[in-house]
Amino acid sequence: CRGAARGKAGGMKKTAIVAAVVFFAVVLAIENITPNVVQEPAPVRVLFVGDIMLDRNVALTILSDGPEALFAGIGALLADSDLRVGNLEGTITGSSSVAQKNSGILRFTFDPAQTDSVLAPLRFDAFSLANNHSLDFGQSGYAETRRRLKEGGVAAFGHPYNAPGKISTTLLVKNKTICLVGFHSLYSATTTVVVEEIKTLRPNCWRVVAFAHW
């Protein structure tokens, strides 16, 4: 009986060893034929929109119909993006509007409180000021606009004359650095400053976007 038991145990041991070797070989084979799976980076959805002007008759509409009337129906589109970028076609200042008194005067300033009531719910992340209305209320209006945007947690980039030091901003989203560079060609068509800015930024950016206003 003992011999039979030893024989049986030995057979089981051999079977276990053979099974282990076969399993190990199968694992090796699977590893050799299975392609390396590359983890795709998480996508970043950036929504770019055009001119936003909140003076003149638009301001009157806000007063009569409420701020939500301007962007009714597109909330889902904005909410589905990781970053929202637009072109702010005017200034945000405490100055009195001249365009509301005379709609033929195309100098735009947006009432700060009214502007906040319109834009804050839309959660814009950055606005380009590289357009022909950012200096409608002079350099002081431009500076005040940048200051008010910053206080509201919104980045500003771009300048009507592509002035160095004011044309770009850097945003971090999903651990990726996105760099925005404004370009305005109406007054000065040269791309030199913009190209140099892109060269400087590129090594530290996941993506660089040139946001143009022709």
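Residues numbered from 1 in each chain as written. Predicted model: local features only at pLDDT ≥ 70, side-chain atom pairs only at ≥ 80, totals over all residues. Heavy atoms only, no water.

S.K.: Now, about the packing of aromatic side chains: what can you tell me, with residues and values included?
M.R.: Within the structure shown, the criterion is met by 5 aromatic pairs. Grouping aromatic residues by their ring pairs yields a cluster made of Phe48, Phe157 and Phe211. The aromatic ring of Phe137 is capped on one face by Arg107, whose charged end is 4.5 Å from the ring centroid. We note Arg207 situated over the ring of Trp206; from NZ or CZ to the ring centre the distance is 4.2 Å. (Phe/Tyr/Trp six-rings, centres within 6.5 Å; stacked < 30°, edge-to-face > 60°. Lys NZ or Arg CZ within 6 Å of the ring centre and 35° of its normal.)

S.K.: Tell me about helix α4 (residues 112-119), residues and numbers included.
M.R.: Within the sequence span of α4, burial applies to Gln114, Thr115, Val118 and Leu119. Angularly, the buried residues of α4 cover 115° about the axis, an arc narrow enough to put them on a single face. Where α4 is buried, its residues meet β1 (46-52), α2 (56-65), β2 (83-88), β3 (91-92), β4 (109-110) and β5 (126-128). At the N-terminal boundary of α4, the capping side chain belongs to Asp111, with an oxygen 3.2 Å from the backbone nitrogen of Ala113. (Buried < 20%, exposed > 50% of the residue type's maximum accessible area, 1.4 Å probe, protein only. Helix = DSSP H or I, 4+ residues; strand = E, 2+ residues; numbered from the N terminus. Arc of directions from axis to C-beta. Contact = heavy atoms within 4.5 Å. Polar contact = N/O pair within 3.5 Å; in protein donor to acceptor, adjacent residues only side chain to side chain.)

S.K.: Could you give me a rundown of the confidence of the model for the protein, with the residues and numbers involved?
M.R.: Mean pLDDT for the protein: 86, with 83% of residues reaching 70 or above. Scored below 50 in pLDDT, residues 16-31 makes 0 contacts in the model with residues more than four places away or belonging to other chains. (pLDDT = per-residue confidence, 0-100.)

S.K.: Just give me the short version of the environment of Leu70, but keep the residues and values in it.
M.R.: By the secondary structure assignment, Leu70 is in the loop between α2 and α3 (75-79). Note: C-alpha distance between Leu70 and Leu54 (16 residues apart in sequence) is 9.6 Å. Leu70 has contacts with Leu54, Val58, Thr61, Ile62 and Val118, leaving out every residue within four places of it along the chain.

S.K.: Could you give me a rundown of the pattern of salt bridges, with the residues and numbers involved?
M.R.: Counted by the stated rule, this structure contains 6 salt bridges. Close ionic contact of Asp80 with Arg45 constitutes a salt bridge, the shortest N to O distance being 3.0 Å. With a gap of 35 residues between them, Asp80 in the loop between α3 and β2 and Arg45 in the loop between α1 (2-33) and β1 connect regions that are remote in the sequence. Overall, the relative accessible area of 45% leaves Asp80 in the partly exposed class. Ionic pairing is found between Arg84 and Asp125, a salt bridge with its closest N-O pair at 3.4 Å. A residue pair is termed long-range when its members are at least 10 positions apart, and Arg84 in strand β2 and Asp125 in the loop between α4 and β5 qualify at 41 residues. (Salt bridge = Lys/Arg side-chain N within 4 Å of Asp/Glu carboxyl O.)

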